Amino acid sequence: QVQLVESGGGLVQTGGSLRLSCAASGRTFSSSAMGWFRQAPGKEREFVAAISWSARNTYYSDSVRGRFTISRDNAKNTVYLQMNNLKPEDTAIYYCAAKTSFLTPPRAAREYDYWGQGTQVTVSS
């Protein structure tokens, strides 16, 4: 079992930055691929970024590449999402997810085993 708790969301102006954190409990974190997803009102949950268990490989959606950075600290059981140059269209609830796997992190939400409760990010124009 892995329990995930996100933090770091909030209200920020266009062009601002936020850093989301996702703290994980359980002994499988270091062998889990981690992903960040987001869901805006009336829209489906969409892939944002993912990182392999070793942190060697990272993946991004086209909409955030170059602005967001995913990282992890296996010693702290934590994954991060640094979000820079935020835009109003980034407004959503952001979720972290874990998949116990050494393979390439999936982009499909249904492939993940565990989810956090989400943290709200609001970007004002």
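Not measured: the values here are computed from a predicted model.

Rules and cut-offs
Each chain has its residues counted from 1, running along the sequence as written. Owing to the predicted nature of the model, reporting of local features is limited to residues with pLDDT of at least 70; listing and counting of side-chain atom pairs is limited to 80 or more, with chain, interface and lining totals taken over all residues. Heavy atoms from the whole structure form the basis of all side-chain values; hydrogens and water molecules are not counted. The helix count covers DSSP runs of H or I at least four residues long, the strand count covers runs of E at least two residues long, and both are numbered beginning at the N terminus. Per-residue accessibility, obtained with a 1.4 Å probe over protein chains only, is compared with the maximum for each type, and a residue is labelled buried under 20%, exposed over 50%, and partly exposed between these values. Note on contacts: a residue pair qualifies if any of its non-hydrogen atoms lie within 4.5 Å across the two residues. Two strands make a pair as long as DSSP finds a minimum of two bridges between them. Whenever a nitrogen or oxygen atom comes within 3.5 Å of another N or O atom, the pair is scored as a polar contact, on the condition that within protein one atom can donate a hydrogen and the other can accept it, and that pairs from neighbouring residues in sequence are kept only if both atoms are in side chains. By convention in these notes, a salt bridge is any Lys or Arg side-chain nitrogen within 4 Å of a carboxyl oxygen on Asp or Glu. Axis angles are defined between N-to-C directions and span 0 to 180 degrees, where every axis is a line fitted to C-alpha atoms and, for a helix, only to the segment in contact. Buried Ala, Val, Leu, Ile, Met, Phe, Trp, Tyr and Cys residues form a nonpolar core when they are joined through side-chain atoms within 4.5 Å. Here a pair means two rings of Phe, Tyr or Trp (six-membered ring of Trp) with centres within 6.5 Å. Their orientation is stacked below 30 degrees between planes, edge-to-face above 60, and tilted elsewhere.

## Focus: the side chain of Arg-67
Phase 1: With respect to the element layout, Arg-67 can be found in the loop between β6 (58–60) and β7 (68–73).
Phase 2: A relative accessible area of 10% means that Arg-67 is categorised as buried.
Phase 3: Setting aside residues no more than four positions away along its own chain, Arg-67 makes contact with Gln-82, Met-83, Asn-84, Asn-85, Leu-86, Lys-87 and Asp-90.

## Observations concerning the pairing of β7
The two faces of a sheet get side chains in turn, since along a regular strand they alternate between them.
Phase 1: What you see with β7 is a clean split: Phe-68, Ile-70 and Arg-72 sit on the buried side and Thr-69, Ser-71 and Asp-73 on the side with no burial.
Phase 2: With six bridges connecting them, β7 and strand β8 (residues 78–83) associate as antiparallel partners. Within the sheet, the bridge partner assigned to Thr-69 lies in β8 and is Gln-82.

## Description of the side chain of Ser-31
Phase 1: The topology assignment puts Ser-31 in the loop between β3 (18–25) and β4 (32–39).
Phase 2: For Ser-31, a relative accessible area of 17% translates into the label buried.
Phase 3: There is a polar contact of 3.0 Å between the side chain of Ser-31 and the backbone oxygen of Thr-28.
Phase 4: Among residues more than four places away in sequence, those in contact with Ser-31 are Trp-53, Lys-99, Thr-100, Ser-101 and Phe-102.

## Some words on the pattern of salt bridges
Phase 1: Here the structure, examined in full by the defined rule, presents four salt bridges.
Phase 2: Of the charged contacts in the structure, one is a salt bridge between Asp-90 and Arg-38, with a shortest N-O distance of 2.9 Å. Placement of the pair is Asp-90 in the loop between β8 and β9 (92–100) and Arg-38 in strand β4, with a sequence separation of 52 residues. Of the two residues, Asp-90 and Arg-38, neither departs from the other in class, the shared state being buried.
Phase 3: The network of salt bridges with shared partners includes Arg-38, Glu-46, Arg-67 and Asp-90.

## A closer look at the sheet that holds strand β1 (residues 3–7)
Phase 1: Ordered in space as β1-β3-β8-β7, the four strands form an open sheet in which the pairing is antiparallel. Edge positions in the sheet fall to β1 and β7, since each of these pairs with one other strand and no more. Each adjacent strand pair in this sheet contributes to an overall mean axis angle of 15°, direction not counted.

## Description of the nonpolar core
Phase 1: In terms of nonpolar packing, the biggest core is built from 27 residues, with Trp-36, Leu-81, Met-83 and Tyr-94 touching the most fellow members.
Phase 2: Residues contacting Met-83, with those up to four places away along its chain left out, are Gly-16, Ser-17, Leu-18, Leu-20, Arg-67, Phe-68, Tyr-94 and Val-121.

## Quick notes on the packing of aromatic side chains
Phase 1: Inspection of every chain in the model, using the stated rule, returns six aromatic pairs.
Phase 2: Measuring from centroid to centroid gives 5.3 Å for Phe-37 and Tyr-112, while their planes differ by 80°, and the two rings are edge-to-face. Of this pair, Phe-37 sits in strand β4 while Tyr-112 sits in the loop between β9 and β10 (114–115), placing them 75 residues apart in sequence. Pair check on accessibility: Phe-37 and Tyr-112 agree, each one buried.
Phase 3: One aromatic cluster in this structure is built from Phe-37, Phe-47, Tyr-95, Tyr-112 and Trp-115.

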